[in-house]
Amino acid sequence: MTDLDMTVPATASRAPADRYARWTGVATGALAACWLSTLGHGDGVLYAIPAFGLCAVAGVLAGDTLTAPGRGAVRTAALAPRRVRDYVPPRTTLLLIVLAVALVALLAAAGSVASPDDLGRAGRELTLTCRGMTEGHGPWPGFSYGLPMLASLAVATGGCGWSLRRIATRPGDEQSRRDRSLAIVAAWGVVVSTSLLGAATTASGALTDMTCDGTAGTMANALLLPLALVSLVTAPWMLFTICSPRAARRRRTDRGARR
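So, here is what we can say about the structure in this document. (Residues numbered from 1 in each chain as written. Predicted model: local features only at pLDDT ≥ 70, side-chain atom pairs only at ≥ 80, totals over all residues. Heavy atoms only, no water.)

1. Description of the overall build of the protein chain
A count of helical and extended segments in the protein chain gives 7 helices and 5 strands. N-terminal to C-terminal, the α/β element order of the protein chain is β-α-α-β-α-β-β-β-α-α-α-α. Counting over 259 residues, the protein chain shows a buried share of 47%. (Helix = DSSP H or I, 4+ residues; strand = E, 2+ residues; numbered from the N terminus. Buried < 20%, exposed > 50% of the residue type's maximum accessible area, 1.4 Å probe, protein only.)

Printed below as a string of structure tokens:
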């Protein structure tokens with residue numbers, strides 16, 4: 001695919017259908033999260049968090065599908081191929097990749113030490129023994145919760161990767177591609193950061209309420225709390241990026257500057 005710059009009356013990221021689709025995805029995710037969080041005596045929160053992120057991803061993908069590419073006269077034609085990495089924000093993408101790796105590592109570690117709960121359901125509780133005493137605490141982000149989180153991460157990664165490839169190769173102007181790619185990365189970031197926030201806070205809460213965790217639990221909390229804090233900051237940042245496209249913010253700034 002060659003790099004064709006098209007003249008368009010308005011960039012795709014400014015289309016109302018795109019904006020409304022993003023807002024609809026966020027609103028649907030909020031409703032789904034509220035419903036899921038009431039299930040399973042609070043255990044549903046671990047499902048609600050990635051569900052919200054997936055709905056946000058779906059909203060951005062729907063906006064991309066509903067918005068037709070700009071059409072107009074061809075201004076220039078270069079032979080350099082358009083690549084996905086040319087349009088994604090490098091620092092934000094790197095941060096989200098680090099958080100995604102941390103999420104996978106956390107869920108793998110939590111799953112390896114998880115135990116069945118009092119009803120015999122595997123991977124829902126952490127059980128430790130010390131000084132002749134056994135104590136357990138749940139919910140714990142074992143594989144019972146971790147596998148759905150990993151599945152949602154895989155679905156979001158595949159959908160966002162496909163969408164980024166589609167945006168890079170479809171007709172349109174450069175700014176529209178960059179703005180839409182930023183929104184796609186932000187939608188993936190919602191899944192990553194909200195899932196990590198849920199897993200880290202749940203694991204930290206379980207360890208804090210236990211007395212048999214010892215030095216290992218203290219060291220784990222020293223890692224979990226910063227991860228939860230970074231995720232707590234990243235999640236609303238990514239959500240704001242989805243709801244308020246950069247092109248729209250730039251247009252308002254430009255109008256203010258002209259005044």
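2. Things to note about the side chain of Thr194
Note on placement: Thr194 falls in helix α5 (residues 174-208). Looking at Thr194, its side chain comes within polar contact range of the main-chain oxygen of Val191, at 3.4 Å. Sequence-distant contacts of Thr194, that is, excluding residues within four places in its chain, are made with Ile49, Gly189 and Ala235. (Polar contact = N/O pair within 3.5 Å; in protein donor to acceptor, adjacent residues only side chain to side chain. Contact = heavy atoms within 4.5 Å.)

3. Thoughts on the packing of helix α3 (residues 90-113) against helix α4 (residues 143-169)
Relative to each other, α3 and α4 sit at 155°, their axes nearing to 9 Å. Relative to α4, α3 is oriented roughly antiparallel. Where α3 crosses over α4, the handedness of that crossing is left-handed. In this structure, α3 uses Leu103, Val104, Leu107, Ala108, Gly111 and Ser112 to contact α4, whose residues at the interface are Phe143, Gly146, Met149, Leu150 and Leu153. (Axes fitted to C-alpha atoms, helices over the stretch in contact; angles between N-to-C directions. Parallel < 35°, antiparallel > 145°, perpendicular 65-115°, else oblique. Left-handed = near helix turned anticlockwise from the far one by under 90°.)

4. Here we look at the sheet that holds strand β5 (residues 133-137)
Strand order across the open sheet formed by 3 strands is β3-β4-β5, with antiparallel pairing between neighbours. Looking at which strands have only one partner, the edges of the open sheet turn out to be β3 (114-115) and β5. The pairing of β3 with strand β4 (residues 125-130) spans 2 bridges and is classified as antiparallel. Across the sheet, the residue bridging to Ser115 is Glu125, located in β4. (Pairing = 2+ DSSP bridges.)

5. Some thoughts on α5
With 35 residues, α5 extends 49 Å between its outermost C-alpha atoms, agreeing within 8% with the 51 Å of an ideal straight helix rising 1.5 Å per residue. The element α5 is extensively covered by neighbouring structure, given that 29 of its 35 residues are classed as buried. (Expected span 1.5 Å × (residues − 1).)

6. Focus: helix α6 (residues 214-243)
Look at α6: 43 Å from first C-alpha to last across 30 residues, which is about the 44 Å you get at 1.5 Å a residue. Of all the residues in α6, the buried ones are Gly217, Asn221, Leu224, Ala228, Ser231, Thr234, Ala235, Met238, Thr241 and Ile242.

7. Here's the deal with a nonpolar patch on the surface
Together, Leu229, Leu232 and Val233 give the surface a local cluster of nonpolar side chains, amounting to about 300 Å² of exposed area. With respect to the helices and strands, Val233 occurs in helix α6. For Val233, a relative accessible area of 53% translates into the label exposed. (Patch = residues over 30% accessible without salt bridge, like charges linked within 9 Å, V, L, I, M, F, W, Y side chains within 5 Å. Areas by Shrake-Rupley, 256 points an atom, 1.4 Å probe, with all protein chains shown as cover. Salt bridge = Lys/Arg side-chain N within 4 Å of Asp/Glu carboxyl O.)

8. Description of the environment of Ala51
Relative to the elements of secondary structure, Ala51 occurs in helix α2 (residues 45-66). Taking the C-alpha atoms as reference points, Ala51 and Gly29, 22 residues apart in sequence, are found 6.4 Å from one another.

Any functional reading would require information that these geometric values do not contain.
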